[in-house]
Amino acid sequence: MTDYTALEQEAGARIAAAQDLAALEALRVEYLGKQGSVSGLLKTLGTMTPEERQEKAPKIQHLRQSVADALAQKKAAMEAAELEARLATEKLDLTLPAPEAPRGSVHPVSQVMDELAEIFADLGFSVATGPEIEDDWHNFTALNMPESHPARAMHDTFYFPHQDHAQRHTDGPQGHRTLLRTHTSPVQVRTMLSVVEKNGGGAPIRIIAPGRVYRSDSDATHTPMFHQVEGLVIDRDIHLGHLKWTLETFLKAFFEREDIVLRLRPSYFPFTEPSVEVDVGFAIENGKRVLGGSGDAPGHGWMELLGSGMVNRRVIEMSGLDPDEWQGFAFGVGVDRLAMLKYGMDDLRAFFDGDVRWLRHYGFSAFDQPTLSGGVGARA
Ligand code: DAH
């Protein structure tokens, strides 16, 4: 005769005495596992007479349930105790400073582009973009640089290879040769064309177009890829005075100095007429050039900063506008050069090396940019 009650008590006592989860698991296997003793008893039910089974089945089932309950209770108690112990020993000091999460920084070129967008937004300009893979019609022809124009040769252009030289004029959109744009000026043409397409008419247009440009050139101040920002204003009765005021206002806001002095010098660009090269006055302080003041003052000098002019009527015409009705001004300036001048870097190549030490030094926090102390309005 099996004494189920004694078995139940013995199992209960052993389970209660188990020291850890592993011991408890061993007991579960011993009683309730496939080869376990209680499982063995359950199997004997099949060999019994109906009367015997009627008598013993409830007892064996009760025994099985009792052991299973005891195991579950003990397991829950052990886990609770373990949590208690952990909570008692692990103390969280919520006043400790959190470990600093590694954080990237904003590249000076991105920073300057944001600053430019902000300044020109104050002046009513929006940001326009164009493709970096251009065709020679937008990059040259429409900007008054036809096929044989000598200015084309000055651009050290990266052309895309084409299989058949005879195909030269059938590659790319509009049957023109594709290239990496050598300047942001084609965005002028694209903007005028799209405005004409949308409105059937012209102006006003006030845009800046920052972006990457490409030329086959490399030294301390030239990289094969660099950045420019183009400016374009088209309206009725626009003249050189508007250009001068706009550039002056922009440069004062950008360099955060009221004493920026500009000198406009006659120059030549195929896409402007007249063309002006804009110089900015600087002083030498501690052996470094610091922008501000007239370049004609003793110990001062002029630095070439950007190209600009009144948009050539041929460019306006080729972009689908009537040059007798609309005119405007344009300018183009190196974004990298603006960044170098404002934030004091002297090697352009470091901009594109991706050296994190350089980025840590010259990069900007993503949380408090742009760093301009005030927009254009703040310095009226
Ligand atoms: N596209 C010229 C260059 O890359 C810069 C330039 C000069 C742009 C005069 C202009 C401009 O819009 O009017 O050298």
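Rules used in this analysis
Residues numbered from 1 in each chain as written. Predicted model: local features only at pLDDT ≥ 70, side-chain atom pairs only at ≥ 80, totals over all residues. Heavy atoms only, no water. Salt bridge = Lys/Arg side-chain N within 4 Å of Asp/Glu carboxyl O. Buried < 20%, exposed > 50% of the residue type's maximum accessible area, 1.4 Å probe, protein only. Near = heavy atom within 4 Å. Polar contact = N/O pair within 3.5 Å; in protein donor to acceptor, adjacent residues only side chain to side chain. Areas by Shrake-Rupley, 256 points an atom, 1.4 Å probe, with all protein chains shown as cover. Helix = DSSP H or I, 4+ residues; strand = E, 2+ residues; numbered from the N terminus. Domains from an automatic or database assignment. Axes fitted to C-alpha atoms, helices over the stretch in contact; angles between N-to-C directions. Parallel < 35°, antiparallel > 145°, perpendicular 65-115°, else oblique. Left-handed = near helix turned anticlockwise from the far one by under 90°. Contact = heavy atoms within 4.5 Å. Nonpolar A, V, L, I, M, F, W, Y, C, P; charged D, E, K, R; others polar. Pairing = 2+ DSSP bridges.

## Re the pattern of salt bridges
Then, in step 1: Inspection of the entire model under this criterion finds 22 salt bridges.
Then, in step 2: With a closest N to O distance of 2.9 Å, Asp 259 and Arg 257 form a salt bridge.
Then, in step 3: Residue classification places Asp 259 among the partly exposed residues on the basis of a relative accessible area of 34%.
Then, in step 4: In the salt-bridge network here, residues are joined through shared partners; they are Arg 263, Arg 265, Asp 279 and Glu 304.

## What about the site of the ligand?
Then, in step 1: As a matter of local geometry, the ligand sits amid 15 residues, with His 183, Ser 185, Arg 215, Gln 228 and Glu 230 nearest to it.
Then, in step 2: Within the side chain of Ser 185, an N or O atom sits 2.9 Å from a nitrogen atom of the ligand.
Then, in step 3: A distance of 3.0 Å separates an oxygen atom of the ligand from a polar atom in the side chain of Gln 188.
Then, in step 4: Expressed as a share of its isolated accessible area of 350 Å², the protein-covered part of the ligand is 90%.
Then, in step 5: Mapped by element, the contributors of at least two residues to the shell around the ligand are β5 (225-235), β9 (300-311) and β10 (327-334).

## Some remarks on the domain arrangement of the chain
Then, in step 1: Taken domain by domain, the chain holds domain 1 (4-87) and domain 2 (108-362).
Then, in step 2: Here the C-alpha centroids of domain 1 and domain 2 sit 84 Å apart.

## Remarks on the packing of helix α5 (residues 108-122) against helix α9 (residues 240-255)
Then, in step 1: Where α5 meets α9, the closest approach of the two axes is 10 Å, and the angle between their N-to-C directions is 130°. Our classification of the angle between α5 and α9 gives oblique. Here α5 and α9 pass one another in a crossing that is right-handed. Between α5 and α9, the contacting residues are Val 112, Glu 115, Leu 116, Ile 119 and Phe 120 on the first element and Thr 246, Phe 250, Ala 253 and Phe 254 on the second.
Then, in step 2: When its residues are assigned to classes, the contact of α5 with α9 shows seven nonpolar, one polar and one charged.

## Observations regarding the pairing of β9
The side chains of a regular strand alternate between the sheet's two faces.
Then, in step 1: The element β9 is extensively covered by neighbouring structure, given that 10 of its 12 residues are classed as buried.
Then, in step 2: Taken together, the 10 bridges between strand β7 (residues 272-285) and β9 define a ladder with antiparallel strand orientation. Residue pairing in the sheet places Gly 281 in a bridge with Trp 302 of β9.
Then, in step 3: In the sheet, β9 pairs with β10 via four bridges, with the strands oriented antiparallel. Its bridge partner being in β10, Gly 307 is matched across the sheet by Gly 332.

## Topic: the packing of helix α2 (residues 21-32) against helix α3 (residues 37-44)
Then, in step 1: Viewed as axis vectors pointing N to C, α2 and α3 meet at an angle of 15°, and their least axial separation amounts to 3 Å. With respect to α3, the axis of α2 lies roughly parallel. The segment α2 lies against α3, with Glu 30, Tyr 31 and Leu 32 engaging Ser 37, Val 38 and Ser 39.
Then, in step 2: In terms of residue class, the contact of α2 with α3 is built from three nonpolar, two polar and one charged.

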